[in-house]
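The lines below spell out each chain.
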Amino acid sequence: GENVEQHPSTLSVQEGDSAVIKCTYSDSASNYFPWYKQELGKRPQLIIDIRSNVGEKKDQRIAVTLNKTAKHFSLHITETQPEDSAVYFCAASHGTYKYIFGTGTRLKVLA
Amino acid sequence: ETGVTQSPTHLIKTRGQQVTLRCSSQSGHNTVSWYQQALGQGPQFIFQYYREEENGRGNFPPRFSGLQFPNYSSELNVNALELDDSALYLCASSLEAPGTNEKLFFGSGTQLSVL
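Quick caveat: nothing in here was measured; it's all calculated off a predicted structure.

**Quick notes on the sheet that holds strand S3 (residues 19-25) of chain A**
All names here are of chain A.
Consideration 1: The strand order across the open sheet formed by five strands is S1-S3-S8-S7-S6, and the pairing between neighbours is antiparallel. Here the strands that pair on one side only, and so sit at the sheet edges, are strand S1 (4-7) and strand S6 (56-59). Here the average twist between neighbouring strands, direction ignored, is 15°.
Consideration 2: Pairing geometry for S6 and strand S7 (residues 62-67), over four bridges, is antiparallel. Bridging across to S7, lysine 58 finds its partner in alanine 63.

Shown next, in the form of structure tokens:
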């Protein structure tokens, strides 16, 4: 069935360093890949997304890359700050009604 | 703020009971989806409604049902509650129609505990 694997499950980085979170999807028809940030006790918030006709997208310190052949996509956060600490979820969709989410990555940025 | 509000924020029920969770979307958001998020897991799709009709359903039993109303509000009903139903229930709305890779905007969720 449809599946999205996300790694690592936890990630600790020093403030100012970069963080990379990777996801692999199983459905080759997937064509939309959003990333959500969820702080403790709060709602998931869309931080960046990418469509399958694009290989990379940047928004300030955040970037997402997509390798359709390998069915991989990654979130890159540069110059990490303590407020980047949260759980990050990737998701995949193929233009239907549902998103398949990864299991989440708990990012800790150490001051 | 996404403009998506959910109520109640927390709820405690006992096994076998029934529960209704509510969601209010932004004006104009005709698409609403419900997700279940178990502790330490990613959200799992329950179902989606578009213009008051169910548009798709995930791998959840029929005791999970929903309604969408013309005023952009919606409900998730769960009958015969089981312990495993304990989770955060998230409502997400979208301005776009289904099938267009619509961006989802989530509410803060209802934390349901089944004892």
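Further notes follow.
**Quick notes on the side chain of glutamine 68 of chain B**
All names here are of chain B.
Consideration 1: For glutamine 68, the position within the fold is in strand S7 (residues 64-68).
Consideration 2: Note on glutamine 68: relative accessible area 8%, which makes it buried.
Consideration 3: Here the side chain of glutamine 68 touches arginine 51 through a polar contact of 3.2 Å, landing on its backbone nitrogen.
Consideration 4: Among the polar contacts made by the side chain of glutamine 68, one reaches the main-chain amide nitrogen of glutamate 52 at a distance of 2.7 Å.
Consideration 5: With near-sequence residues (within four places) excluded, glutamine 68 lies in contact with His29, Asn30, Thr31, Val32, Tyr49, Tyr50, Arg51, Glu52, Glu53, Ser73 and Ser74.

Calculation notes
- Residues numbered from 1 in each chain as written.
- Chains lettered and ligands numbered in written order.
- Predicted model: local features only at pLDDT ≥ 70, side-chain atom pairs only at ≥ 80, totals over all residues.
- Heavy atoms only, no water.
- Pairing = 2+ DSSP bridges.
- Helix = DSSP H or I, 4+ residues; strand = E, 2+ residues; numbered from the N terminus.
- Axes fitted to C-alpha atoms, helices over the stretch in contact; angles between N-to-C directions.
- Buried < 20%, exposed > 50% of the residue type's maximum accessible area, 1.4 Å probe, protein only.
- Polar contact = N/O pair within 3.5 Å; in protein donor to acceptor, adjacent residues only side chain to side chain.
- Contact = heavy atoms within 4.5 Å.

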